Amino acid sequence: MDEATSTSLVGDGRRPPPSERRTRALDAFIDLVLERGARPRPEEVAERADVSIASLYRYFTDLDELRRDATARLVERYPELFVISKIGTGQRRARIASFTAARLALHETLHPLQLLARESSRSDPSARHHVDDSRSAMADQIRRHFDAELRTLTPTNREATVATIAALTSVESWEQFRRSHDRTPAQTRRAWNDALDRILPMAGPCSSAAE
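Definitions and limits used
Every chain is numbered on its own, with residues counted from 1 as its sequence reads. Confidence filtering applies because this is a predicted model: local features only for residues at pLDDT of at least 70, side-chain atom pairs given and counted only at 80 or more, and all residues used for totals across whole chains, interfaces and linings. Side-chain metrics rest on all non-hydrogen atoms present in the structure, leaving aside hydrogens and water. Helical segments are the DSSP runs of H or I of at least four residues, strand segments are the runs of E of at least two, and each set is numbered from the N terminus. Burial status follows relative accessibility: with a 1.4 Å probe on protein chains alone, a residue under 20% of its type maximum counts as buried, one over 50% as exposed, and anything between as partly exposed. Any pair of residues with heavy atoms lying within 4.5 Å of one another is described as a contacting pair. Note that accessible areas follow from Shrake-Rupley with a 1.4 Å probe, and for residues the cover is restricted to the protein chains shown. Geometry is summarised by axes, namely lines fitted to C-alpha atoms with helices restricted to the contacting stretch, and by angles between N-to-C directions that run from 0 to 180 degrees. It is the rotation of the near helix from the far one that decides the hand of a crossing: anticlockwise by less than a right angle makes it left-handed, clockwise makes it right-handed. Under the scheme applied here, ten amino acids are nonpolar (Ala, Val, Leu, Ile, Met, Phe, Trp, Tyr, Cys and Pro), four are charged (Asp, Glu, Lys and Arg), and all others, including Gly, are polar. What counts as a salt bridge is simple: a side-chain nitrogen of Lys or Arg found within 4 Å of a carboxyl oxygen of Asp or Glu.

## Regarding the overall build of the protein chain
- In terms of helices and strands, the protein chain carries 10 helices and 0 strands.
- Each helix (α) and strand (β) of the protein chain, taken in turn from the N terminus, gives the series α-α-α-α-α-α-α-α-α-α.
- Evaluated residue by residue, the protein chain yields a buried proportion of 40% over its 211 residues.
- Within the protein chain, contacts between residues at least 6 apart in sequence are counted, and of these 68% link residues at least 24 apart.
- For the protein chain, the exposed surface amounts to about 11400 Å²; the carbon and sulfur share of it is 51%.

Shown next, in the form of structure tokens:
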């Protein structure tokens, strides 16, 4: 397709600026992955975004950059999936429920892209860095949301509990529950709720036990 003959014009007949077309390409990549669960070909991204393949390669130095930038674009498109409502507030069981609901909504919506990022991180250092940053941010949410319980533990046990909760509610865990064991979203959420209820200590005075 030649952009000179593209019908995607702004209201006054001009073509959208490069920044807008670049964003369209990112959104096209995201939509195709979510629809198909697999990495699309560059020609498919260009066609969905209504840009030429030559322009696509002007906007992105390579396909890895397109995928990495699309992953970052997710936060702009789905900001509600990356936050926990009223983080750190409410009774223990209510906080457990709001946490697992948030993680389940994230994975149910974006798992094709999350799994693609995980796969890419094995060979792409930049992708691995992004995955590590994402995991670090999600671990920090756990620390904040369950501070009342975690503060009762020694530093070593606190971080071990954070790591356990992160692993239990990760996209890899979601994949096991939903695909390998054919659990429904409701069954998965109940299992996570019950597990977190057992893993988290009751809130109370800070433990002085030796590590």
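## Describing the packing of helix α6 (residues 125–145) against helix α8 (residues 155–168)
- For the pair α6 and α8, interaxial distance at closest approach is 10 Å and the crossing angle is 115°. Crossing hand, α6 versus α8: right-handed. Between α6, through Ala139, Ile142 and Arg143, and α8, the contact on the second element is made entirely by Glu159, Val162, Ile165 and Ala166.
- Classifying every residue of the contact of α6 with α8 by side-chain character gives 5 nonpolar, no polar and 2 charged.

## Observations regarding the pattern of salt bridges
- Considering all chains together, one arrives at 21 salt bridges under this definition.
- Note that Arg77 and Asp27 form a salt bridge whose closest N and O atoms lie 3.4 Å from each other. Of this pair, Arg77 sits in helix α4 (residues 63–77) while Asp27 sits in helix α1 (residues 18–36); the two residues are 50 residues apart in sequence, bridging distant segments of the chain.
- By relative accessible area, Arg77 is classed as partly exposed at 26%.
- Look at Asp27 and you get buried, because its relative accessible area is 17%.
- Residue Glu175 pairs with Arg118 through a salt bridge whose shortest N-O separation is 3.4 Å. Placement of Glu175 in helix α9 (residues 171–180) and of Arg118 in helix α5 (residues 92–120) is noted, with a sequence separation of 57 residues between them.
- Residues joined in a network through salt bridges with shared partners are Asp27, Asp31, Arg73, Glu76 and Arg77.

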